[in-house]
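Architecture at a glance
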Amino acid sequence: MTAKDPLATDTEEAVTLNPWQALRQLTPARIALGRAGISQPTAVQLAFQLDHARARDAVHAPLPVEAVRAAIAALGFDTLALHSAAADRHVYLQRPDLGRRLDDASAALLATNYSAPDPARYDIAFVVADGLSSLAIERHAAPLLDKMRQALPASSRIAPVCVVEQGRVAIGDEIGEALGARIVVVMIGERPGLSSPDSMGLYLTWAPRRGLTDAARNCISNVRLEGLSYDEAARRLCYLLREAQARQLSGVLLKDETTTLQGNLETGATTLVPGPTPADAGDY
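Treat the numbers as computed from the prediction; the structure is a model and nothing was measured.

So, how was this worked out
- Residues numbered from 1 in each chain as written.
- Predicted model: local features only at pLDDT ≥ 70, side-chain atom pairs only at ≥ 80, totals over all residues.
- Heavy atoms only, no water.
- Helix = DSSP H or I, 4+ residues; strand = E, 2+ residues; numbered from the N terminus.
- Salt bridge = Lys/Arg side-chain N within 4 Å of Asp/Glu carboxyl O.
- Buried < 20%, exposed > 50% of the residue type's maximum accessible area, 1.4 Å probe, protein only.
- Axes fitted to C-alpha atoms, helices over the stretch in contact; angles between N-to-C directions.
- Parallel < 35°, antiparallel > 145°, perpendicular 65-115°, else oblique.
- Left-handed = near helix turned anticlockwise from the far one by under 90°.
- Contact = heavy atoms within 4.5 Å.
- Nonpolar A, V, L, I, M, F, W, Y, C, P; charged D, E, K, R; others polar.
- pLDDT = per-residue confidence, 0-100.
- Pairing = 2+ DSSP bridges.
- Core = buried A, V, L, I, M, F, W, Y, C linked by side-chain atoms within 4.5 Å.

Concerning the environment of Gly-167
Structurally, the position occupied by Gly-167 is in the loop between strand E3 (161-165) and helix H7 (171-179). When the C-alpha atoms of Gly-167 and Gly-131 are compared, they prove to be 5.5 Å apart, with 36 residues separating the residues in sequence.

Written out as structure tokens, the structure is:
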């Protein structure tokens with residue numbers, strides 16, 4: 001009797017299907033995988049290993065800084081290349097605190113060229129940081145900035161877009177403060193999942209300054225082709241920018257009230273419908 005090749009692909013006869021298998025059409029989550037004897041099917045196990053490798057690659061791959069800057073510059077934005085105090089990826093992963101502040105050279109660059117007594121030189125500062133997925137930034141940062149370029153008023157004073165290596169979310173506070181920006185928006189690669197190695201997050205902070213906590217930020221998550229579309233992310237970000245400007249706050253005191261969606265079943269288009277205004281809105 002010939003033993004079965006352990007690397008061979010499972011045949012349909014060898015796999016016992018899960019009765020919930022139809023649900024897999026609705027989610028990328030690993031559900032209803034079936035079984036081969038008492039084990040997972042070979043194809044399922046290989047797919048898991050592939051996704052795990054993609055997630056690891058997303059964390060460790062270096063950010064192509066010049067390529068990202070070129071794509072952003074092609075949209076008409078000025079750019080700056082900055083670096084956190086984490087010298088390399090190894091240090092970045094072990095010392096989150098160093099990823100939250102600039103290195104000496106980058107801090108000196110901003111202090112020398114952008115320091116001014118006016119604390120509101122720019123309306124918005126965009127910070128593009130690799131975070132835990134440089135792949136997300138490489139794929140999605142420029143397309144989303146293109147949507148924002150089209151959506152923002154022509155009178156908006158936009159700071160040079162700062163492309164940061166080995167950066168974490170809070171590094172935007174130091175950069176926004178140094179630039180004299182009223183609002184900072186950090187576009188950063190999110191921690192990869194086994195079905196989403198290229199998810200980008202957006203973090204908005206009013207009056208950025210060093211020492212703020214996450215309670216001062218608003219987050220828009222899962223920006224990618226299979227998640228939140230560029231159009232949808234730009235709409236929500238524009239809403240938060242407008243409300244932050246009007247109320248002069250962000251974070252836990254500023255709620256996203258654009259979450260009621262209406263989809264056009266014929267065209268597939270999605271439009272935002274403002275949610276109800278909270279009764280205490282006048283207290284802000």
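On we go.
Topic: the pattern of salt bridges
Evaluated as defined, the whole model comprises 16 salt bridges. A salt bridge links Arg-54 to Asp-51; the nearest nitrogen and oxygen atoms lie 3.5 Å apart. One end of the pair, Arg-54, and the other, Asp-51, are both in helix H1 (residues 42-60), three residues apart, so they sit about a helical turn from each other. By relative accessible area, which is 44% here, Arg-54 ends up partly exposed. Residue Asp-51 is classed as buried on the basis of its relative accessible area of 18%. Across the pair Arg-247 and Glu-257 runs a salt bridge, and its minimum N-O distance is 3.8 Å. One end of the pair, Arg-247, is in helix H8 (residues 230-247); the other, Glu-257, is in the loop between H8 and strand E7 (260-263), with 10 residues separating them in the sequence. Salt bridges sharing partners connect three or more residues here, namely Asp-173, Asp-214 and Arg-217.

Structural notes on the packing of helix H6 (residues 134-151) against H8
Between H6 and H8, the shortest axis-to-axis distance is 9 Å and the interhelical angle comes to 55°. One element, H6, and the other, H8, form an angle in the oblique class. When you trace H6 past H8, the crossing you get is right-handed. The segment H6 lies against H8, with Arg-139, His-140, Pro-143, Leu-144, Lys-147, Met-148 and Ala-151 engaging Tyr-230, Asp-231, Ala-233, Ala-234, Leu-237, Cys-238 and Leu-241. Here the residues of the contact of H6 with H8 sort into 10 nonpolar, one polar and three charged.

Some thoughts on unusual backbone geometry
Phi is positive for Ala-207, which is not a glycine, with a value near 50°. Here Ala-207 shows up in the loop between strand E5 (200-206) and strand E6 (217-223). Not every positive phi belongs to a glycine, and Asn-222 is a case in point at roughly 65°. Its place among the elements puts Asn-222 in strand E6.

Comments concerning the confidence of the model for the protein
Mean pLDDT over the protein works out to 85, with 84% of the residues at or above the 70 mark. Confidence, expressed as mean pLDDT per element, reaches its minimum in the protein at strand E8 (residues 270-273) with 36 and its maximum at E3 with 98. Counted against residues more than four places away or in other chains, residues 1-10, with its pLDDT under 50, gives nine contacts. With pLDDT under 50 throughout, residues 260-284 is counted as low confidence; its partners more than four residues away or in other chains account for 31 contacts.

Examining the sheet that holds strand E1 (residues 79-83)
Across the sheet, which stays open at both edges, the six strands sit in the order E1-E3-E2-E4-E5-E6 with mixed pairing between neighbours. Every other strand in the sheet has two partners, leaving E1 and E6 as the edge strands with one partner each. Strand-to-strand twist across the sheet, computed as the mean angle between neighbouring axes with direction ignored, equals 20°. The sheet contact formed by strand E4 (residues 181-189) and E5 spans seven bridges and is antiparallel. Paired with Ile-183 across the two strands is Trp-206, which belongs to E5. Running over the sheet, helix H5 (residues 104-114) touches E1 and strand E2 (122-129) and is turned about 145° from E1. Against the sheet, H7 engages E1, E2, E3, E4, E5 and E6, with an angle of about 145° to E4.

Quick look at the nonpolar core
Formed by 39 residues in total, the largest nonpolar core has its most connected members in Phe-126, Val-128 and Met-187. Where this core is concerned, the elements lending two or more residues are helix H2 (65-73), E2, H6, E3, E4, E5, E6 and H8. Of all the elements, H8 adds the most residues to this core, at nine residues. The contacts of Val-128, once residues within four sequence positions are left out, are Val-68, Ile-72, Ile-137, Ala-141, Leu-145, Val-161, Cys-162, Val-163, Val-164 and Met-187. Counting 20 residues, the second largest nonpolar core, distinct from the first, contains Ile-175, Leu-179, Val-184 and Val-186.

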